[in-house]
Amino acid sequence: MTAPARPRYVPPHPPRGPGPVPVWRGFFGERARTSVYGWSRQAFVQDHIRRNVLGWTVHVPLDPAAVQHVLLDNAANYAKPEPVKAILAPVIGRGLLTADGALWRDQRRIVAANFVPAAVEALVPSFARAAEAAAAAWPASGVVDMARAATETTLTVIADALFGGDPRLRTAEGMRHIEAALAGVSEARLPALLGLPVIGWNARIRAGQRGQAYLRETLSAVVRDRLPDGGGDDFLGRLVRMLRERFAPDEAFALAVDNAATFYLAGHETTANALSWALFLLAEQPDLQAEAAAEARAALAAGTDDPALPDRLPLLRAVIDETLRLYPPAPRFDRQALGPDRLGGREVAKGDIVSIWPWILHRHSALWDDPDAFDAHRFLPGAAAAERHRFQYLPFGAGPRVCVGARFAIVEALVILATWLARHHFSPLPGREVQVSGMVTLRPKGGLPLRVRNRENC
Ligand code: HEM
């Protein structure tokens, strides 16, 4: 497929100064709230960054071969960092995302069957239903916060697809607590790095702790109601049954709640952010949006029951891939060296942190042509994918710990976007600037109000 030439479009990113910003500034102002803020121009041309952060040596490998070494070739030497576990433990405990070693392997085996392509494709109609239900509430023409709409829709999807549609997991109160819990996780970064307990010294931390407690209590109740046999043939039912086969009852219960929290959170927030960014980028590029909408209408004409629906949306798929390049919902993830190593000729000591930064890799000038410009053509079938190193594009990570929900997220995003674009037109609000925000995940700051019109009214 060849793409028509389009005007060059460079969507917004945080300002970049000429040289490195002192580490201490990362704990104040916008830099303390937005992880991708404050990188200098140098970061996007170097092949390795080494910094000292509050006594921790932190390496940021920016050569894809070095990234591959950490995530794949020598993955056994790199675990999830202790400070990251300390930050996330109150919410997701020792679930799949934070576990290491044998406990990680056991849990990965238990959940993997739920995410094989056939299992994901069977969910296409439910993805479309969630998208239609959300759109039914929009005015024929008016302003809708599409970040909120995306979050509500992906929360519905995850509650339906993994938790049997449990109504306790779809409430507005729950959404507020999730937001607060994630904000609290960001606030816990400083004490965790200093090895201090997280005490409620500001309102965001206290709201975060309330949010975390609400999530744990709600999910504990949901799991308890499913005992002893899982109470159904859905993700949660299978999880509970298989954990009880392998672990003592108390540990099985704790791990079931940890994984319920892991999948409930990891399974919707990231996809919601991907949807928001894709809608923003399409709203800014009306010709591209018109083309994607035409593709969506044609693909949906045969109905949503066809598991091959995602394959009929190559342009939209390329738009999503390019969106995930420019605004990776997980802009960084970390490892800690279990033993000494060498990374691109540099010494890594036992205990050092290695930070993988999709945000920088995806915009690195040695790896991409015109890196800050949006160009879906990069990802269209037949484009120069062969020239790309597998480890320069990492929206879902890579290696054994690659996102287990990657296929789920892509198919979900495709079906939701196609459903919305087929019937609705999205345009930006004049004069409103969009900025990136978020410490753990990357979202549009203050939501994403867009003007939405039924296509019949266009
Ligand atoms: C656009 C959406 C998504 C993005 C960008 C994303 C990104 C990521 C990334 C970067 C990792 C690797 C982290 C690391 O190596 O440290 C990861 C892991 C994970 N993701 Fe996703 N994710 C998305 C959607 C989902 C969905 C839909 C689910 C579940 C339904 C999910 C569940 C998980 C879990 C459980 C892990 C941990 C896997 C393991 O360690 O074995 N994610 N995700």
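Further up the page is the structure itself.
Quick caveat: nothing in here was measured; it's all calculated off a predicted structure.

Colleague: Is there a simple way to explain the site of the ligand in this structure?
Modeller: In the vicinity of the ligand lie 26 residues, with K80, W104, R108, R335 and C403 positioned nearest. The contact in question runs from an oxygen atom of the ligand to an N or O atom on the side chain of R108, over 2.7 Å. Residue R401 places a side-chain N or O atom 2.9 Å away from an oxygen atom belonging to the ligand. Breaking the shell around the ligand down by element, the ones donating at least two residues are helix 4 (101-112), helix 12 (249-266), helix 13 (269-284), strand 5 (333-337) and helix 17 (406-423).

Colleague: For this particular structure, what's the right way to read the pairing of strand 12 (residues 449-454)?
Modeller: Along any regular strand, the residues point their side chains to alternate faces of the sheet. When strand 4 (residues 141-145) meets strand 12, the two strands line up antiparallel, connected through five bridges. Note on strand 12: the bridge partner recorded for V144 is L450.

Colleague: Could you clarify how one ought to interpret the sheet that holds strand 12 in this entry?
Modeller: The strands making up a sheet associate through backbone hydrogen bonding, with each pair oriented either parallel or antiparallel. Taken in spatial order, the three strands make up an open sheet running 4-12-9, and their pairing is antiparallel. Edge positions in the sheet fall to strand 4 and strand 9 (424-428), since each has one partner strand and no second. Across the sheet, the mean angle separating the axes of adjacent strands is 35° when strand polarity is ignored. Judged from the five bridges that link them, strand 9 and strand 12 form a sheet pairing that is antiparallel. Its bridge partner lying in strand 12, F426 is registered against V452. Of the strands in this sheet, strand 9 and strand 12 touch helix 17, which is tilted by about 90° from strand 9.

Colleague: Honestly, the sheet that holds strand 5 in this entry has me stumped. Any pointers?
Modeller: Taking strand neighbours across the sheet as the criterion, the five strands line up as 1-2-8-5-3 in an open arrangement whose pairing is mixed. Whereas interior strands pair on both sides, the edge strands pair on one side only; in this sheet they are strand 1 (48-53) and strand 3 (78-79). The pairing of strand 2 (residues 56-61) with strand 8 (residues 353-356) spans two bridges and is classified as parallel. Considered in strand 8, the bridge of V58 is made with I353. Packing against the sheet, helix 2 (residues 64-73) makes contact with strand 2, strand 3, strand 5 and strand 8, and its axis sits at approximately 115° to strand 8.

Colleague: Can you help me understand the coordination of the iron atom of the ligand in this one?
Modeller: In an ideal tetrahedron of four donors about a metal, each angle is 109.5 degrees. In an ideal octahedron of six donors, the angles are 90 or 180 degrees. The protein gives the iron atom of the ligand a lone donor atom, C403 (SG), placed 2.3 Å from the metal. Within the secondary structure, C403 is located in the loop between helix 16 (358-361) and helix 17.

Colleague: Just to check I follow, could you spell out helix 6 (residues 124-136) for this structure?
Modeller: Helical geometry: 3.6 residues make up each α-helical turn, so side chains three or four residues apart lie on a common side. Spanning 13 residues, helix 6 covers 18 Å between terminal C-alpha atoms, matching the ideal 18 Å at 1.5 Å per step. Taken together, the buried positions of helix 6 are occupied by V124, P125, S126, F127, A128, A130, A131, A134 and A135. Elements in contact with the buried residues of helix 6: helix 5 (117-121), helix 7 (146-163), helix 17 and strand 9.

Colleague: Any chance you could explain helix 10 (residues 203-225) here in plain terms?
Modeller: Counted at 1.5 Å a residue, the expected span for helix 10 with its 23 residues is 33 Å, and the 33 Å between its end C-alpha atoms agrees. Buried within helix 10 we find I205, G208, G211, Q212, Y214, L215, T218, L219, S220, V222 and V223.

Colleague: Before we go on, may I ask you to explain the pattern of salt bridges in this structure?
Modeller: Pairing between side chains becomes possible if they bear opposite charge and their charged atoms approach one another. Scanning the model with the defined rule gives 25 salt bridges in all. We note a salt bridge from R317 to D321, for which the minimum N-O separation is 3.1 Å. Here D321 and R317 lie together in helix 15 (residues 314-326), a separation of four residues that amounts to about one turn. According to the relative accessible area criterion, R317 is partly exposed, its value standing at 31%. Given a relative accessible area of 9%, D321 falls into the buried group. Overlapping salt bridges, with partners in common, bring together E82, K85, D100 and R401 in one network.

Colleague: Looking at this model, I keep getting lost on the side chain of Q107. Mind explaining?
Modeller: Checked against the element boundaries, Q107 lands in helix 4. In terms of polar contacts, Q107 uses its side chain to reach the side chain of N259, at 2.4 Å.

Colleague: Looking at this model, I keep getting lost on unusual backbone geometry. Mind explaining?
Modeller: If a residue is not glycine, its phi is most likely negative; likewise, a peptide bond is most likely trans. Cis rather than trans, the peptide bond between L227 and P228 has omega equal to 5°. Mapped onto the fold, P228 is located in the loop between helix 10 and helix 11 (235-246). A positive phi angle, close to 50°, is found at L54, a residue other than glycine. Its place among the elements puts L54 in the loop between strand 1 and strand 2.

Colleague: Even after reading the chapter, I still don't get the packing of helix 6 against helix 7, so can you show me in this structure?
Modeller: Angle between the axes and distance between the axes are the two parameters that describe a pair of packed helices. Axis separation between helix 6 and helix 7 bottoms out at 9 Å; the angle between their running directions is 145°. As for the relative orientation of helix 6 and helix 7, their crossing is right-handed in sense. Counted together, F127, A130, A131 and A134 of helix 6 and T153, T156 and V157 of helix 7 form the full contact between these two elements. Residues of the contact of helix 6 with helix 7, tallied by class, amount to five nonpolar, two polar and no charged.

Analysis parameters
- Residues numbered from 1 in each chain as written.
- Predicted model: local features only at pLDDT ≥ 70, side-chain atom pairs only at ≥ 80, totals over all residues.
- Heavy atoms only, no water.
- Near = heavy atom within 4 Å.
- Polar contact = N/O pair within 3.5 Å; in protein donor to acceptor, adjacent residues only side chain to side chain.
- Helix = DSSP H or I, 4+ residues; strand = E, 2+ residues; numbered from the N terminus.
- Pairing = 2+ DSSP bridges.
- Axes fitted to C-alpha atoms, helices over the stretch in contact; angles between N-to-C directions.
- Contact = heavy atoms within 4.5 Å.
- Donors = N, O, S within 2.8 Å, 3.2 Å for Na, K, Ca; no water.
- Expected span 1.5 Å × (residues − 1).
- Buried < 20%, exposed > 50% of the residue type's maximum accessible area, 1.4 Å probe, protein only.
- Salt bridge = Lys/Arg side-chain N within 4 Å of Asp/Glu carboxyl O.
- Left-handed = near helix turned anticlockwise from the far one by under 90°.
- Nonpolar A, V, L, I, M, F, W, Y, C, P; charged D, E, K, R; others polar.

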